[in-house]
Amino acid sequence: MKIELIKGDITKIKADAIVNAANSSLLGGGGVDGAIHRAGGKQILDECIEIRNKQGKCKTGEVVITTAGNLPAKYVIHTVGPIWNGDEEKCSKLLANCYKNSLKLAESVDVKSIAFPNISTGVYKFPKELAAKIAVNEVQNFQSEIIEKVVFVCFDDENEFIYRELLKI
Ligand code: AR6
């Protein structure tokens, strides 16, 4: 899989799938979640509500998928990152699950390109350096015959700097 880094807004990315850093309600929020629902329109929320009605809340580290409404992407994969509470081992495992489960779900719908935001590094306060190491590690260790490209979309300067150093690009 090719790995790219883009500085900017994930709602503008034309990948087969973009990942949303959602919360367990799946009903929207601030940050990247708010941006995706705002730009994507009502279709995404309607599908999230349907999923909620069927299976209840989404657990931390787990994923659900919707179409992407008005966004240039085809799908939105919603995942719930861990809220940082200082338990490094547990939080790291849960964050790794977000990336792993997103990639697995993407493969199951034949996604060739997928874009990730820096899950949990905003409101959920996960230390950015550690989060980036986990994200890069999970993506680099994921063997896929289907996914050809993974894009890390960094919104803030600090994350961009960290990812550039890590990926050496
Ligand atoms: N495109 C790409 N990245 C973005 C964008 C954007 N448009 N906007 C913000 N980011 P956060 P979390 C970056 O807080 O920490 C929501 O309210 C941002 O700079 O969006 O996982 C949910 O509903 C940061 O690096 O998500 C949950 O309640 C990263 O996205 C809660 O926040 C994640 O920041 C989830 O918290």
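Just so it is clear, the model here is predicted, and its values are computed rather than measured.

A. Molecular detail of the pairing of strand 2 (residues 17–22). In terms of residue burial, strand 2 counts as a mostly covered element, since six of its six residues are buried. Every second residue of strand 2 is oriented toward a common face, with A17, V19 and A21 on one face and I18, N20 and A22 on the other, all of them buried. As paired elements, strand 2 and strand 4 (residues 75–80) share six bridges and run parallel to each other. What sits directly across from A21, in strand 4, is T79. Relative to strand 5 (residues 113–116), strand 2 runs parallel, the two sharing two bridges. Directly across from I18, in strand 5, lies its bridge partner A115.

B. Representation of the site of the ligand. In the region of the ligand, 21 residues are neighbours, and N23, G30, V32, D33 and T121 sit closest. Take G30: an N or O atom from its main chain is 2.7 Å from an oxygen atom of the ligand. Backbone polar atom of V123 to an oxygen atom of the ligand: 2.9 Å apart, as the coordinates give it. Elements represented by at least two residues in the shell around the ligand include exactly strand 2 and helix 1 (31–40). If you tally residues by element for the shell around the ligand, the top one is helix 1, at four residues. Partitioned by chemical class, the residues of the shell around the ligand number eight nonpolar, 10 polar and three charged.

C. Focus on helix 3 (residues 88–108). In this model helix 3 runs 30 Å from its N-terminal to its C-terminal C-alpha over 21 residues, within 8% of the 30 Å that 1.5 Å per residue would give. When helix 3 is considered as a whole, its buried residues turn out to be C91, S92, L95, A96, C98, Y99, S102, L103, L105, A106 and E107. Following helix 3 by one or two positions, D110 adopts a phi angle in the positive range, close to 65°.

D. Structural context of the UniProt feature "domain: Macro" (unreviewed entry) in the protein. If you check UniProt for "domain: Macro" (unreviewed entry), the listed places come out as residues 1–169 in our numbering. As a span, residues 1–169 carries 41% helix and 20% strand, and end to end its C-alpha atoms are 15 Å apart.

E. Geometry of the packing of aromatic side chains. If you walk through the whole model with that rule in mind, you get four aromatic pairs. Ring centres of Y99 and F116 lie 4.8 Å apart, and the angle between their planes is 40°; on these two criteria the pair is classed as tilted. With Y99 in helix 3 and F116 in strand 5, this residue pair connects regions lying 17 residues apart in the sequence. With respect to class, Y99 is no different from F116; both count as buried. Here the aromatic rings of F152 and Y163 are separated by 5.0 Å at their centres, their planes lie at 45°, and the arrangement is tilted. One end of the pair, F152, is in strand 6 (residues 149–154); the other, Y163, is in helix 5 (residues 157–167), and 11 residues separate them in sequence. Accessibility expressed as a relative area gives 0% for F152, which makes it buried. Residue Y163 is classed as buried on the basis of its relative accessible area, which comes to 1%. Taken together, the aromatic side chains of Y99, F116, F152 and Y163 make up a single cluster linked through ring pairs.

F. Just the packing of helix 3 against helix 4 (residues 128–141), in detail. Where helix 3 contacts helix 4, the two axes come as close as 9 Å, and the packing angle between them is 40°. In terms of orientation, helix 3 and helix 4 fall into the oblique class. Helix 3 and helix 4 meet at a crossing whose hand is right-handed. Where helix 3 approaches helix 4, its residues E88, S92, L95, A96, Y99, K100 and L103 are matched on the opposing element by L130, A131, I134, A135, E138 and V139. Per-class residue counts for the contact of helix 3 with helix 4 are nine nonpolar, one polar and three charged.

Calculation criteria
Residues numbered from 1 in each chain as written. Predicted model: local features only at pLDDT ≥ 70, side-chain atom pairs only at ≥ 80, totals over all residues. Heavy atoms only, no water. Buried < 20%, exposed > 50% of the residue type's maximum accessible area, 1.4 Å probe, protein only. Helix = DSSP H or I, 4+ residues; strand = E, 2+ residues; numbered from the N terminus. Pairing = 2+ DSSP bridges. Near = heavy atom within 4 Å. Polar contact = N/O pair within 3.5 Å; in protein donor to acceptor, adjacent residues only side chain to side chain. Nonpolar A, V, L, I, M, F, W, Y, C, P; charged D, E, K, R; others polar. Expected span 1.5 Å × (residues − 1). UniProt positions renumbered as here; feature names shortened; annotations may be inferred. Phe/Tyr/Trp six-rings, centres within 6.5 Å; stacked < 30°, edge-to-face > 60°. Axes fitted to C-alpha atoms, helices over the stretch in contact; angles between N-to-C directions. Parallel < 35°, antiparallel > 145°, perpendicular 65-115°, else oblique. Left-handed = near helix turned anticlockwise from the far one by under 90°. Contact = heavy atoms within 4.5 Å.

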